[in-house]
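Residue-level structural notes
Residues per chain, in single letters:
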Amino acid sequence: MSTAAVVTGKHAGSLRGARLPKWAPLAIAAVSIALGLGISAAAGLHSKIQWALIAALLHVVGTYGIAARVEGRRQAKDRVATSLVWVAFLLAVVPLASLVWSTVRRGVKVLDLYFLTHSMGVVADSEPGGGIYHAIIGSLEQIGLATLIGAPIGVLTAIYLVEYGRGRLAKSVTFFVDVMTGIPSIVAGLFILSIMLMLDLQPFGFAGSLALAILMMPVVVRSTEEMLKLVPNELREASLALGVPKWRTILKVVLPTSIGGITTGIMLAVARIAGETAPVLLLVFGNPFINNNPFEGAQASLPLYIYQQYSQSAGSPHAFNRAWAASLTLIAFVMILNLAARGIARWKAPKTGR
Amino acid sequence: MAKRIDVSGLTAYYGSHKAIEDISMTIEPRTVTAFIGPSGCGKSTFLRTLNRMHEVTPGGRVEGKVLLDDEDLYGAGVDPVSVRREIGMVFQRPNPFPTMSIFDNVAAGLRLNGMHKKSELQDVVEKSLRGANLWNEVKDRLNKPGAGLSGGQQQRLCIARAIAVEPKVLLMDEPCSALDPISTLAIEDLIGELKERFTIVIVTHNMQQAARVSDRTAFFNLAGVGQPGRLVEIDDTERIFSNPSVQATEDYISGRFG
């Protein structure tokens, strides 16, 4: 059969073709890396990025060449696609892993219970000691208040858009939510700052919360909207057909069905604002002392603390260590939030009971 | 308890598209009326106008009268929510609430309408599940999620949920089309029992089913693509299936359609 001969190459009439052994991709990768290192050494290239790129290129080309010889063109393309996916995966994971690794390595130097429970009150930026208690308090209060404002407004807006919104008002709300998504954090900070200046107020934590709430709202609206759209219309109709009013249907059927996803969305929005520095710098200003009252006086926050330890300590290694430890704390905080969101999503997900 | 429905000159739209035109019929209490007809002829739309579910669809609106024992469902000041408490509905695909247990699913209608006494709820749930022939299968796992039941059981759960609020009329939109023959038989038997207490209207694509369960049958058709659906005739089921007065009905029933 002539067509079969074209498809399978050497083994005319057979469904079986030659296959590379399972270890082949790994072997090709190892050889590529070795060659990449060798070429770099020979040519006197010192950058790690250069040899890694050479290795990646060799891997892809080598895979195609070898596979095309042994297995045929179609399988070769398949293998190239697979190796491209792997290269892309590594390119994405390497920076992430290296970021986490260097933060952990440098962060653990001063991170201990003392560090978490003391402020910078009487410690100069260039000296050892001190801690981030005041920044943790500030961050928690500012983020908490921002969430209290931003999450309900965001969720209610999404409910309006999905369940009630028709016509021009809904379209313009959607448009402005999209615009808000693109607001740079510093602009949100400047907006609140202009109000603060009009009212002649001094920096305080709640002002930061307001700016953070502005940044948080569009994220919550978008994610909640998507989650509400996922609730099948049949459930709404089933409830309406039982003679349940629409608002109760939303409250008792639609929201419980999607609560897992909505919570995840809110948590991700919280994680997003937890790292904001610019508006906090403008509105909360920073404060080495513990200030428990978010409504009066300057406060600290974790990202702001990191920034100020780095920029205002004139290169003191102690301040650098503290900045890294605070970074690690912040990453851990965001990670715990994400894990909590996943836990809630799994706990609240509709159950099948099977 | 069951009530009569009188429809006169009913026309329903989706936006500017006219879906059904000028339908008039009477549905007697404690009977089963089946709607048959080709896909897209407006059977389901008409069914949904009977408990004002049609207007839930964006752009859906209705002209004409639907009288429930002399009270116009589309009259001024009529609350669609109270209409739906009188006229319940079972859908094509079983749709138990995924976040609720079997018990909560059946109690949903009552609870969402403000009944909270545990003992009363228990009585109603048991009575409704017995009414839907599901009690024996689920009595030991009332707290398990409703979505864990089989398709046929889920549909009977939805029927139990619908009859728990004691409607006067029960509308069923192809309730067996997603079910196997055994579950279908269970539901058809159930319809026979329920008609002692409720007025039942059922949409079905299964002609044998219409012949088996219904007392009266209405045949819907549409003149052509893009034309609104119309009621061709409504008569006793026996007459429709043996000696219909319109040729189109006979053609459809005997498979010489289109």
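In this numbering scheme, every chain counts its residues from 1 along its sequence in written order. Lettering for chains starts from A, numbering for ligands starts from 1, and both go in the order in which the items are written. Whole-chain, interface and lining totals are the exception, using all residues; otherwise, since this is a predicted model, local features are given only for residues with pLDDT of at least 70 and side-chain atom pairs are given and counted only at 80 or more. To obtain the side-chain values, all non-hydrogen atoms of the structure were used and water was disregarded.

Examining the overall build of chain A
- Tallying secondary structure elements over chain A gives 14 helices and zero strands in all.
- Strands here mean DSSP runs of E at least two residues long; helices mean DSSP runs of H or I at least four residues long; both are numbered from the N terminus. Mapped from its N terminus to its C terminus, chain A presents α and β elements in the order α-α-α-α-α-α-α-α-α-α-α-α-α-α.
- For 354 residues, the compact-globule formula gives about 20 Å, and the C-alpha radius of gyration of chain A, at 28 Å, lies well above that figure.
- Its C-alpha atoms give chain A principal-axis dimensions of roughly 85 × 70 × 40 Å.
- Here, two residues are considered to be in contact whenever any of their heavy atoms come within 4.5 Å of each other. Of the contacts made within chain A by residues no fewer than 6 positions apart, 70% connect residues no fewer than 24 positions apart.
- All accessibility values rest on the Shrake-Rupley procedure with a 1.4 Å probe; residue burial counts only the protein chains present in the view. Entry remark: accessible area of chain A is about 19600 Å², with carbon and sulfur atoms responsible for 71%. Radius of gyration here uses only the C-alpha atoms, and the compact-globule reference equals 2.2 Å multiplied by the residue count raised to the power 0.38.

Regarding the UniProt feature "domain: ABC transporter" (unreviewed entry) in chain B
- Residues annotated by UniProt as "domain: ABC transporter" (unreviewed entry) correspond here to residues 5–247 of chain B.
- Structurally, residues 5–247 of chain B comprises 35% helix and 27% strand, and the distance from its first C-alpha atom to its last is 27 Å. UniProt positions are given in the numbering used here, feature names are shortened, and annotations may be inferred rather than shown by experiment.

Thoughts on the packing of helix 6 (residues 133–164) of chain A against helix 9 (residues 205–230) of chain A
Residue and element names in this part refer to chain A.
- Structural elements are reduced to axes, namely lines fitted to C-alpha atoms, with helices fitted over the stretch in contact, and the angle between N-to-C directions of any two is expressed from 0 to 180 degrees. Where helix 6 contacts helix 9, the two axes come as close as 6 Å, and the packing angle between them is 35 degrees. The chirality of how helix 6 crosses helix 9 is right-handed.
- Throughout, the ten residues Ala, Val, Leu, Ile, Met, Phe, Trp, Tyr, Cys and Pro are labelled nonpolar, Asp, Glu, Lys and Arg are labelled charged, and all others, Gly among them, are labelled polar. Counted by class, the contact of helix 6 with helix 9 contains 19 nonpolar, eight polar and three charged residues. For a crossing to be left-handed, the near helix must be turned anticlockwise from the far one by less than a right angle; the clockwise case is right-handed.

Some details on the packing of helix 4 (residues 73–107) of chain A against helix 14 (residues 317–348) of chain A
Residues and elements named next belong to chain A.
- With their axes 8 Å apart at the nearest point, helix 4 and helix 14 run at an angle of 125 degrees to one another. As far as their axial angle goes, helix 14 and helix 4 are oblique. Handedness of the helix 4/helix 14 crossing: left-handed. Contact residues: Leu99, Ser102, Thr103, Val104, Arg106 and Gly107 in helix 4; Asn321, Trp324, Ala325, Ser327, Leu328 and Ile331 in helix 14.
- Classifying every residue of the contact of helix 4 with helix 14 by side-chain character gives six nonpolar, five polar and one charged. Here is the rule for angles: anything less than 35 degrees is roughly parallel, anything more than 145 is roughly antiparallel, 65 through 115 is roughly perpendicular, and the remaining ranges are oblique.

Some details on the UniProt feature "transmembrane region" (unreviewed entry) in chain A
- Cross-referencing UniProt, the feature "transmembrane region" (unreviewed entry) maps to residues 23–43, 49–68, 80–101, 143–162, 174–198, 204–221, 253–274 and 323–341 of chain A in the present numbering.
- In the segment residues 143–162 of chain A, helix accounts for 100% and strand for 0%; the C-alpha atoms at its two ends are 27 Å apart.

Describing the interface of chain A and chain B
- Each partner contributes residues to the interface: chain A has 22 residues there, and chain B has 31 residues.
- The term buried area refers to how much accessible surface (probe radius 1.4 Å) is lost by two components on association, counted for both of them together. When the area that chain A buries against chain B is broken down by residue, the three leading residues are Glu237, Ala241 and Leu242 of chain A, summing to 27%.
- Basic side-chain nitrogens of Lys or Arg form a salt bridge, by our definition, when they fall within 4 Å of a carboxyl oxygen of Asp or Glu. Here Glu237 of chain A ties to Arg48 of chain B by a salt bridge, and the two come within 2.7 Å at their closest N and O atoms.
- A 3.5 Å cut-off defines polar contacts: any pair of N or O atoms within that distance qualifies, except that in protein one atom must be a possible hydrogen donor and the other a possible acceptor, and neighbouring residues in sequence count only when both atoms are side-chain atoms. Scanning the region where chain A abuts chain B turns up four residue pairs in polar contact (both at pLDDT 80 or more).

Concerning a nonpolar patch on the surface
All names here are of chain A.
- To count toward a patch, a residue needs a relative accessible area over 30% and no salt bridge; like charges are then connected within 9 Å, while nonpolar side chains (Val, Leu, Ile, Met, Phe, Trp, Tyr) are connected within 5 Å. There is a patch of nonpolar side chains on the surface, built from Leu96, Leu99, Val100, Val104 and Val108 and spanning about 390 Å² of accessible area.
- Mapped onto the fold, Leu99 is located in helix 4.
- A 1.4 Å probe rolled over the protein chains alone gives each residue an accessible area, and that area as a share of the maximum for its type sets the label: buried under 20%, exposed over 50%, partly exposed in between. Overall, the relative accessible area of 46% leaves Leu99 in the partly exposed class.

Let's talk about the confidence of the model for chain A
- Here pLDDT means the predictor's own confidence in every residue, given as a number from 0 to 100. In this model, chain A carries a mean pLDDT of 88, and residues with pLDDT of at least 70 account for 95%.
- Here residues 1–9 of chain A is a poorly scored stretch, pLDDT under 50, and it has four contacts once near neighbours within four places are set aside; other chains count.

A word on the pairing of strand 9 (residues 216–222) of chain B
Residue and element names in this part refer to chain B.
- Taking burial as the measure, the seven residues of strand 9 include five buried ones, the bulk of the element.
- Pairing between strands requires that DSSP locate at least two bridges from one strand to the other. Here strand 3 (residues 32–36) runs beside strand 9; their pairing, made up of four bridges, is parallel. Considered in strand 9, the bridge of Ala34 is made with Thr217.
- Two elements, strand 9 and strand 10 (residues 229–236), share seven bridges in a ladder whose sense is antiparallel. Directly across from Phe219, in strand 10, lies its bridge partner Glu233.
- Hairpin connection of strand 9 to strand 10: six residues between the antiparallel strands, including Gly226 at a positive phi of 85 degrees.

Quick word on the side chain of Gln142 of chain A
Residue and element names in this part refer to chain A.
- Tracing the sequence through the fold places Gln142 in helix 6.
- A distance of 3.3 Å separates a polar side-chain atom of Gln142 from the backbone oxygen of Ala300.
- Setting aside its immediate chain neighbours within four residues, Gln142 contacts Gly205, Ser209, Leu212, Val280, Val284, Gln299, Ala300 and Ser301.

Considering the packing of aromatic side chains
- Put simply, two rings from Phe, Tyr or Trp (the six-membered ring, in Trp's case) pair if the centres are within 6.5 Å, and we call them stacked under 30 degrees between planes, edge-to-face over 60, tilted for the rest. All chains considered together, the criterion is met by eight aromatic pairs over all chains.
- Aromatic pair Phe175 of chain A and Phe176 of chain A: ring centres 5.4 Å apart, planes at 70 degrees, arrangement edge-to-face.
- Here the aromatic cluster, defined as three or more aromatic residues joined through ring pairs, consists of Phe35, Phe46 and Phe220 of chain B.
- We note Lys246 of chain A situated over the ring of Tyr164 of chain A; from NZ or CZ to the ring centre the distance is 4.8 Å.
- Placement of a positive charge over a ring is assigned whenever Lys NZ or Arg CZ falls within 6 Å of the ring centre and within 35 degrees of the normal to the ring plane. The cationic tip of Arg61 of chain B hangs over the ring face of Tyr13 of chain B; the distance from NZ or CZ to the ring centre is 4.2 Å.

Regarding the confidence of the model for chain B
All names here are of chain B.
- In the predicted model, chain B carries a mean pLDDT of 90, and 99% of its residues have values of at least 70.
- The lowest-confidence element of chain B is helix 7 (residues 181–194), averaging 88 in pLDDT; the highest-confidence one is strand 3, averaging 95.
- Of the two predicted TM-score estimates for the complex, the pTM is 0.84 and the ipTM is 0.88.

With respect to the UniProt feature "domain: ABC transmembrane type-1" (unreviewed entry) in chain A
- Here, UniProt's "domain: ABC transmembrane type-1" (unreviewed entry) annotation points to residues 136–341 of chain A.
- The annotated region residues 136–341 of chain A carries 79% helix and 0% strand content, and the separation between its end C-alpha atoms amounts to 20 Å.

Quick look at the pattern of salt bridges
- Inspection of the entire model under this criterion finds 28 salt bridges over all chains.
- A salt bridge links Lys18 of chain B to Glu21 of chain B; the shortest N-O distance between them is 2.8 Å.
- The buried category is assigned to Glu21 of chain B, whose relative accessible area is 19%.
- A salt bridge links Lys127 of chain B to Glu166 of chain B, with the nearest nitrogen and oxygen atoms 3.4 Å apart. Of this pair, Lys127 of chain B sits in helix 4 (residues 118–131) while Glu166 of chain B sits in the loop between helix 6 (151–164) and strand 7 (169–173), and the two are 39 residues apart along the sequence.
- What emerges from the salt-bridge pattern is a single network uniting Asp178, Arg222, Glu225, Glu226 and Lys229 of chain A.

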